[in-house]
Amino acid sequence: MNTRSTRSTLTFARPFRLRGYPDKLPAGDYEIIIETDASRPDSARYLSVPGTGFLNGVTELRQTTRRDLEAALCRAQEGRNGPDLSDAALSPQEDLI
């Protein structure tokens, strides 16, 4: 199995929420890791989230999709991070590379 990882940085100007996770994340730069494999049609996407408090220095990789990242970025830019995060408010997921 030949897996390729691509890393990039996504900047959130305001605190944001990522669908599927209850906590609000602080504004800042976040590393995005995309893993592709010739044997599977979809890519796995992860958002690298640094720990805080007693978890300071620990990094958590949260699996997500391109669509969810784009939606979180749009909501953060618009200053919307309230109750509009329900699954029903988002369209079906598609991963576009």
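One can find the structure itself at the top, above this paragraph.
Throughout this document, residue positions are counted from 1 along each chain, in the order its sequence is written. In view of the model being predicted, local features appear only for residues whose pLDDT reaches at least 70, and side-chain atom pairs are presented and counted only at 80 or more, with totals across whole chains, interfaces and linings using the full set of residues. With hydrogens and water set aside, each side-chain value is computed from the structure's full complement of heavy atoms.

Any chance you could explain helix H1 (residues 66-78) here in plain terms?
Helical geometry: 3.6 residues make up each α-helical turn, so side chains three or four residues apart lie on a common side. Helix and strand assignments follow DSSP, with helices taken as H or I runs no shorter than four residues and strands as E runs no shorter than two, numbered in order from the N terminus. Expected helix span is computed as 1.5 Å times (number of residues minus one). With 13 residues, H1 extends 18 Å between its outermost C-alpha atoms, agreeing within 8% with the 18 Å of an ideal straight helix rising 1.5 Å per residue. For H1, the set of buried residues is Asp68, Leu69, Ala71, Ala72, Leu73, Arg75 and Ala76. Whether two residues touch is decided by their heavy atoms; if any such pair falls within 4.5 Å, the residues are in contact. Where H1 is buried, its residues touch strand E1 (3-12), strand E2 (16-17), strand E4 (28-37), strand E5 (44-50) and strand E6 (59-64). Think of it in three bands: with a 1.4 Å probe and only protein chains considered, a residue is buried below 20% of the maximum accessible area for its type, exposed above 50%, and partly exposed in between.

Could you clarify how one ought to interpret the side chain of Ser48 in this entry?
Looking at the secondary structure, you find Ser48 in strand E5. Residue classification places Ser48 among the buried residues on the basis of a relative accessible area of 11%. In this structure Ser48 touches Tyr30, Glu31, Thr59, Glu60 and Leu61, once residues within four positions along its chain are discounted.

Can you walk me through the sheet that holds E1 in this structure?
Only when DSSP finds a minimum of two bridges between them are two strands counted as paired. Spatially, four strands are ordered E1-E4-E5-E6 in an open sheet, and the strand pairing comes out antiparallel. Here the strands that pair on one side only, and so sit at the sheet edges, are E1 and E6. Strand-to-strand twist in this sheet, taken as the mean axis angle between neighbours without regard to direction, amounts to 30°. Each of E1, E4, E5 and E6 touches H1; the most contacted strand, E1, lies at about 10° to it. Angles here are taken between N-to-C directions and fall from 0 to 180 degrees, while the axes themselves are lines fitted to C-alpha atoms, restricted in helices to the stretch in contact.

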